[in-house]
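Per-entry structural report
Below, each chain spelled out in residue letters.
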Amino acid sequence: VQLVESGGGLVQPGGSLRLSCAASGSILSIGVMGWYRQAPGKQRDLVADITRGGTTTYADSVKGRFTISRDNAKNTVYLHMNGLTPEDTAVYYCYADIQSFNGIFKQFWGQGTQVTVSS
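The following refers to the structure shown. (Residues numbered from 1 in each chain as written. Predicted model: local features only at pLDDT ≥ 70, side-chain atom pairs only at ≥ 80, totals over all residues. Heavy atoms only, no water.)

Topic: the nonpolar core
To keep it simple, the criterion reads: Only buried Ala, Val, Leu, Ile, Met, Phe, Trp, Tyr and Cys residues count toward a nonpolar core, and they belong to the same one when joined by side-chain atoms within 4.5 Å. Relative accessibility thresholds used throughout: buried, under 20% of the residue-type maximum; exposed, over 50%; partly exposed, between the two (1.4 Å probe, protein chains only). Here a helix means four or more residues in a row that DSSP labels H or I, a strand means two or more in a row labelled E, and each is numbered from the N terminus. The contact definition used throughout considers only heavy atoms, calling two residues in contact when any of these lie within 4.5 Å.
Ranked by size, the top nonpolar core spans 30 residues in total, and within it W35, L79, M81 and Y92 carry the most contacts. Counting only elements with at least two residues in this core, the list comes to β3 (17–24), β4 (29–38), β5 (45–50), β7 (66–71), β8 (76–81), β9 (90–99) and β11 (113–117). A total of five residues in this core trace back to one element, the largest contributor, which is β9. Excluding residues within four positions of it along the chain, Y92 makes contact with E5, L19, W35, Y36, R37, V47, F66, L79, M81, G112, T113 and V115.

Following this line, the structure appears as structure tokens:
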């Protein structure tokens, strides 16, 4: 199983980006999917997550600006980021709770994608 992220980059303050994270491999089902971020010198913090049924959770700092969504048919989770500020600059990591064909759930992580907000 692997998670591959895409969509990071450099954006000006007030701009938007969409991150994608696709899971592939020996997947029976996927539970919660989500995004964490880690800025230099800081701990990794939850940004948002979403259950298979679509229930979402957001960090207070991104509520109203970021939207998480998923496509269960494509095993993909998205993070739509609007109104970006320099404080959103970080490496963004996706994760997913994946049930393999042996029936066991395990949490998998992507490699991280850099988001830089700067003028």
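Structural notes on the pairing of β11
Every other side chain in a regular strand lies on the same face of the sheet, so the side chains alternate between the two faces. This is how it is decided: Pairing between strands is defined by DSSP: at least two bridges between the two strands are required.
The alternating pattern of β11 places T113, V115 and V117 on a buried face, while none of Q114 and T116, on the opposite face, is buried. Looking at chain direction, β9 and β11 are connected through three bridges and run antiparallel. Bridging across to β11, A90 finds its partner in V115.

Details of the sheet that holds strand β1 (residues 2–6)
We apply this condition: Think of each axis as a best-fit line through the C-alpha atoms, taken over the contacting stretch in the case of a helix, with angles from 0 to 180 degrees between the N-to-C directions.
Here we have four strands laid out as an open sheet, ordered β1-β3-β8-β7, and antiparallel in their pairing. Unpaired on one side and paired on the other, β1 and β7 mark the two borders of the sheet. Neighbour-to-neighbour, the strand axes of this sheet turn through a mean angle of 15°, independent of strand direction.

So, the pattern of salt bridges
Side chains carrying opposite charge are able to pair once their charged atoms draw close together. Spelled out, the test is: Each salt bridge in this description consists of a side-chain nitrogen of Lys or Arg and a carboxyl oxygen of Asp or Glu lying within 4 Å of one another.
In the structure shown here, the tally under the stated rule is three salt bridges. Where R37 meets D88, a salt bridge forms, and the shortest distance between an N and an O atom there is 2.9 Å. Of this pair, R37 sits in strand β4 while D88 is found in the loop between β8 and β9, placing the two residues 51 residues apart along the sequence. Each member of the pair, R37 as well as D88, is classed as buried. In the salt-bridge network here, residues are joined through shared partners; they are R37, R65 and D88.

Section: the state of the cysteines
Operational definition: We call a pair of cysteine sulfur atoms a disulfide whenever their separation is within 2.5 Å.
This model, assessed by the stated rule, comprises one disulfide. Bridging C21 to C94, the disulfide has an S-S length of 1.9 Å. Every disulfide takes its handedness from the sign of the S-S torsion; for C21 and C94 that torsion is 50°, giving right-handed. Of this pair, C21 sits in strand β3 while C94 sits in strand β9; the two residues are 73 residues apart in sequence, bridging distant segments of the chain. Here the two residues C21 and C94 agree in accessibility, since each one is buried.

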